[in-house]
Amino acid sequence: MAGEPQHDCLFCKIVAGEIPATVVRKTADTIAFRDIHPQAPTHVLVIPHVHYPNAAALAAAEPAIAAELLTEAAEVAREEGIEDYRMIFNTGAGAGQTIFHAHVHILGGKPLREGMV
Ligand code: 5GP
Ligand code: ZN
């Protein structure tokens, strides 16, 4: 059923506490943790507890939780002491998505002016 945990999903396992993660923030609906392969001094992922394959699917089904990904991302940045940061939603394997559980990347702590990719 939509939103239900998927047994083969790494991020569902992090939500369930079955795989360890360096958690930086938690709410009733979201969890934020450090990316295992950081691409910047701050590289945090914010995910919903519920399983949807990407952020757009989450927004269609649970708009309030999708909005919370953004407010939580801003809180992470504030707690990390970074004013300028990038949020990235990879959508589809061709765009670099490797985990098909909705998530936003927060990247910052270094200049990111060079371009989009
Ligand atoms: P995507 O490429 O799907 O947008 O992002 C998935 C992210 O999850 C990647 O940046 C990858 O480094 C990160 N990742 C993959 N496996 C793990 C893990 O076991 N723990 C953590 N914390 N991050 C992971
Ligand atoms: Zn999942």
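Here we summarise the structure given alongside this text. What you see is a predicted model, and the numbers here were worked out from it, not measured in a lab. (Residues numbered from 1 in each chain as written. Chains lettered and ligands numbered in written order. Predicted model: local features only at pLDDT ≥ 70, side-chain atom pairs only at ≥ 80, totals over all residues.)

### A short note on the pairing of strand β2 (residues 30–34)
Buried residues dominate β2, accounting for four of its five residues. As paired elements, strand β1 (residues 23–26) and β2 share three bridges and run antiparallel to each other. Across the sheet, K26 pairs through a bridge with I31, a residue of β2. Where β1 folds back on β2, the antiparallel hairpin that results is connected by three residues. Where β2 meets strand β3 (residues 42–48), five bridges bridge the pair, whose relative direction is antiparallel. The residue of β3 that forms the bridge with T30 is P48. (Buried ≥ 20, exposed ≤ 12 C-beta atoms within 10 Å, placed from the backbone. Helix = DSSP H or I, 4+ residues; strand = E, 2+ residues; numbered from the N terminus. Pairing = 2+ DSSP bridges.)

### Describing the sheet that holds strand β5 (residues 104–108)
What holds strands together in a sheet is hydrogen bonding between their backbones, with the strands either parallel or antiparallel. Taken in spatial order, the five strands line up as β1-β2-β3-β5-β4 in an open sheet, and their pairing is antiparallel. Looking at the sheet topology across the chains shown, the edges are occupied by β1 and β4 (85–88). Averaged over neighbouring strand pairs, the angle between their axes works out to 20 degrees when direction is ignored. Packed on one face of the sheet, helix α3 (residues 63–80) meets β1, β2, β3, β4 and β5 and runs near 155 degrees to β3. (Axes fitted to C-alpha atoms, helices over the stretch in contact; angles between N-to-C directions. Contact = placed C-beta atoms within 7 Å.)

### Quick word on α3
Spanning 18 residues, α3 covers 26 Å between terminal C-alpha atoms, matching the ideal 26 Å at 1.5 Å per step. Along α3, the residues classified as buried are I65, L69, E72, A73, V76 and A77. For α3, the angular spread of buried residues about the axis comes to 140 degrees, placing them on one side. Exposed side chains of α3 directed beyond 90 degrees from the buried face belong to P63, A64, A67, T71 and R78. At the exit of α3 stands G81, carrying a positive phi of roughly 75 degrees. (Expected span 1.5 Å × (residues − 1). Arc of directions from axis to C-beta.)

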